[in-house]
Amino acid sequence: MSESRPSKIGLLAGWGRYPIVVADALRSQGHQVYCLAIKDHADPALRARCQHWQPQGLAKLGAAIRYFHRHGVTQATMAGKIHKVLIFRKYHWLRHLPDWKFVQTFYPHWITKTKDRKDDTILGTIVATFAREGIQFAPATDYAPELLVRAGNLTKRVPSAYQWKDIQFGWHLAKELGRVDVGQSVAVKGLAVLAVEAVEGTDECIRRAGHLCPSGGFTVVKVAKPQQDMRFDVPTIGPGTIQTLIEAGASALAIEAGKTIVLDQEEVVRLADRHQLAIVAVEADEAQRTTD
């Protein structure tokens with residue numbers, strides 16, 4: 001990493017192993033990690049990996065800004081999933097009572113509803129609010145670029161000609177979903193759409209496809225949005241994703257090369273090979289050529 005990077009880096013940590021991997025990468029580069037661990041999301045194992053660790057309610061935006069100011073943090077990154085579906089559960093906000101900064105910032109989104117609550121809108125608003133307070137967010141992959149998958153077949157099994165047709169078909173659909181900020185994944189079989197991802201997330205999309213196609217053999221395509229901001233909501237898979245694919249009966253997974261994070265890649269490949277699941281990382285121009 002560049003010598004100009006500050007030694008203190010803030011980490012806004014959501015669900016999953018990704019924040020742990022990022023924290024480890026930051027520490028290995030000599031940074032001190034100041035972590036805001038989102039309640040009901042972040043793994044407690046982060047605590048031992050950080051210079052300082054503080055649980056944080058999802059809607060405590062002002063408190064988060066004050067935390068970084070108090071510790072002299074001017075550069076930060078975010079990693080991990082936020083389970084957006086939780087915001088629709090009755091009384092869930094009682095565990096994450098909004099502070100005044102949050103109310104001011106998101107009044108048009110939650111009260112007057114003059115602005116939407118798409119992922120890019122919400123996360124972009126959060127990043128912009130931090131920036132106005134002197135805290136700049138950078139992509140987590142700047143610190144761990146090796147997590148971005150390279151193009152090519154990851155597994156011993158490669159997609160069949162029929163599966164490639166589904167990959168080509170699904171790629172276009174998934175890109176359109178991303179363009180309108182609905183989701184990143186689509187499950188298809190025989191050029192028919194089984195399930196598309198929305199607020200429920202990739203795993204539930206895969207499970208729904210398995211329920212609707214009990215014979216299995218379907219293909220899942222997961223891509224970055226055409227307007228992807230690499231600071232947040234970057235497509236990510238890991239062993240948990242592969243286990244879900246296997247249990248649902250999927251036979252192939254296509255992901256976007258250079259824009260998808262693969263956590264614990266050796267374990268991912270080992271698990272997929274054991275169950276003869278094909279995984280391929282596809283470059284955008286390659287997918288476009290095959291659809292022409």
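Residues numbered from 1 in each chain as written. Predicted model: local features only at pLDDT ≥ 70, side-chain atom pairs only at ≥ 80, totals over all residues. Heavy atoms only, no water.

Notes on the nonpolar core
What tends to happen in soluble globular proteins is that the nonpolar side chains get buried as a cluster.
Stage number 1. In terms of nonpolar packing, the biggest core is built from 27 residues, with F218, V220, I242, L245, L253, I255 and I279 touching the most fellow members.
Stage number 2. For this core, the elements supplying multiple residues, two or more each, are helix 6 (202–212), strand 9 (218–222), helix 7 (239–248), strand 11 (250–256), helix 8 (265–274) and strand 13 (278–282).
Stage number 3. When near neighbours in sequence (up to four residues on either side) are disregarded, I279 contacts G152, N153, L154, T155, R157, I242, L253, I255, V268 and A272. (Core = buried A, V, L, I, M, F, W, Y, C linked by side-chain atoms within 4.5 Å. Buried < 20%, exposed > 50% of the residue type's maximum accessible area, 1.4 Å probe, protein only. Helix = DSSP H or I, 4+ residues; strand = E, 2+ residues; numbered from the N terminus. Contact = heavy atoms within 4.5 Å.)

Considerations on the packing of aromatic side chains
Here a ring pair, both rings aromatic, is described through the centre-centre distance and the interplanar angle of the planes.
Stage number 1. The full count for this structure, using the stated rule, is four aromatic pairs.
Stage number 2. The rings of Y67, F68, F130 and F137 are connected pair by pair, giving a single aromatic cluster. (Phe/Tyr/Trp six-rings, centres within 6.5 Å; stacked < 30°, edge-to-face > 60°.)

What to know about the sheet that holds strand 1 (residues 8–13)
Stage number 1. Taken in spatial order, the five strands line up as 3-2-1-4-5 in an open sheet, and their pairing is parallel. Two strands lie at the open edges of the sheet, namely strand 3 (52–56) and strand 5 (136–137), each paired on one side alone.
Stage number 2. Sheet contacts for helix 1 (residues 18–28): strand 1, strand 2 (32–38) and strand 4 (75–79); angle to strand 1, the most-contacted strand, approximately 175°. (Pairing = 2+ DSSP bridges. Axes fitted to C-alpha atoms, helices over the stretch in contact; angles between N-to-C directions.)

As for the pattern of salt bridges
Stage number 1. A full pass over the atoms with the stated rule returns eleven salt bridges.
Stage number 2. With a closest N to O distance of 2.7 Å, D264 and R17 form a salt bridge. Placement of D264 in the loop between strand 12 (261–262) and helix 8 and of R17 in the loop between strand 1 and helix 1 is noted, with a sequence separation of 247 residues between them.
Stage number 3. Note on D264: relative accessible area 27%, which makes it partly exposed. (Salt bridge = Lys/Arg side-chain N within 4 Å of Asp/Glu carboxyl O.)

What about the sheet that holds strand 9?
Stage number 1. The strand order across the open sheet built from six strands is 6-13-11-9-7-8, with neighbouring strands paired in mixed fashion. With partners counted over all chains shown, the strands left at the sheet margins are strand 6 (152–153) and strand 8 (192–196), one partner each.
Stage number 2. Across five bridges, strand 9 lies against strand 11 in parallel orientation. Across the sheet, the residue bridging to V221 is A254, located in strand 11.
Stage number 3. Its contacts with the sheet place helix 7 against strand 9, strand 11 and strand 13, and it is angled at close to 145° to strand 11.

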